[in-house]
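Structural overview for review
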Amino acid sequence: MYFQSDYILRMIQMMGDFFRRLLETVSETEKADEYDRLMRRQCGLDANTAASLTAESLIELLPDTPRFVLSEMLYVRAYAFPLHDEEAEACLYKAYKLLLSVGNENLICELRKDRLLELFNRAYGLLTPQDMVEAVRFLLLADDFAKAEDILFDAIETSVDSVRGDVIASGKKLFEPLLSRSDKELKAGGLSLTEAREIVTELSAMLCQAK
C-alpha cells in the first residue's frame, strides 16, 4: 500500500497527542477506556483482542493502515500503562513486527526509522535473526546504510549454524543493489561505495564458508 506523507504525519501527531493525554490521566480506568475506544475506532479491534493475538495473526487479519496504527497503539500501551517488564517487551515486539509489515516503501521507513530502532533495542531479547534481517531491509529503504550494516552483522553473529547461511544470503541479496547507487548517495547514509563493495565481498566469502 502507498502511504501518503500527510497521512503518516497526521497519525504520528495524533498518536503523540494521545500518548501525552494518557500520561496525564490519573485514573487507570479512564485511561484504559480511552485507549480501548481509540483502538476500536482506528483498528477495528478491542484492546484485549489486540493484546491476546500474536503479531502474525494481526498481520494476517488487518490491512496495512490498521496495522500501522496498531503498531503506534501498542507502543503507547507499553509506556502509558503499568506493565511488567516482560509484558512491555512483548508489547513492543508486537509493535516492531507490525511496523516491519508495513515498511515496504521509502517514505514510511524514513519517517519511522527512529521508532523502529527504538523498538529493536527494547525488544532485542525476543528478536530472531529473521526479525533482524527485516530491520535491515527497513533501514535500507530509509537510506540508513550504516545502521543496516550493523544490524545485519549482529544478526549473523547471533544466529545458530542451521540458519546462518540463510541470514547471510538474505543480507547479501539486500546489500547487492547498493552497488548500483552513487558514492554520494551511499555516503549520505553513512556508507561509501567502496565499503558497500567490501560488505558484499565479505558476505560472499562468509556464505561460501557457511555452506
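See the structure printed just above.
The structure contained in this document is the topic of the report that follows. (Residues numbered from 1 in each chain as written. Predicted model: local features only at pLDDT ≥ 70, side-chain atom pairs only at ≥ 80, totals over all residues. Heavy atoms only, no water.)

This part covers the overall build of the chain. A tally of helices and strands in the chain yields 13 helices and zero strands. Each helix and strand of the chain, placed in order from N terminus to C terminus, yields the pattern α-α-α-α-α-α-α-α-α-α-α-α-α. In terms of overall size, the chain behaves like a compact globule, its C-alpha atoms giving a radius of gyration of 19 Å where 211 residues would be expected to give roughly 17 Å. In terms of overall dimensions, the chain has a C-alpha envelope of 55 × 35 × 30 Å along the principal axes. Here the chain, with 211 residues, has 49% of them falling under the buried criterion. Taking the contacts inside the chain whose residues are at least 6 apart along the sequence as the reference set, 67% of them involve residues at least 24 apart. As presented, the chain carries roughly 10,700 Å² of accessible surface, and 50% of it is formed by carbon and sulfur atoms. Distance between charge centres in the chain, computed from 25 positive and 37 negative side chains, equals 3 Å. (Helix = DSSP H or I, 4+ residues; strand = E, 2+ residues; numbered from the N terminus. Rg over C-alpha atoms; globule rule 2.2 N^0.38 Å. Buried < 20%, exposed > 50% of the residue type's maximum accessible area, 1.4 Å probe, protein only. Contact = heavy atoms within 4.5 Å. Areas by Shrake-Rupley, 256 points an atom, 1.4 Å probe, with all protein chains shown as cover. Lys, Arg positive; Asp, Glu negative; His and termini not counted. Charge placed at Lys NZ, Arg CZ, Asp CG, Glu CD.)

Across all of its chains, the model carries 18 salt bridges by this definition. With a closest N to O distance of 2.4 Å, R20 and D17 form a salt bridge. Residue R20 and its partner D17 are located together in helix 1 (residues 5-24), separated by three residues, close to a single helical turn. Judged by its relative accessible area of 47%, R20 is partly exposed. Note on D17: relative accessible area 34%, which makes it partly exposed. K97 is the salt-bridge partner of D131, the closest N and O atoms lying 2.9 Å from each other. (Salt bridge = Lys/Arg side-chain N within 4 Å of Asp/Glu carboxyl O.)

These results come straight from atomic positions and should not be treated as a statement about function.
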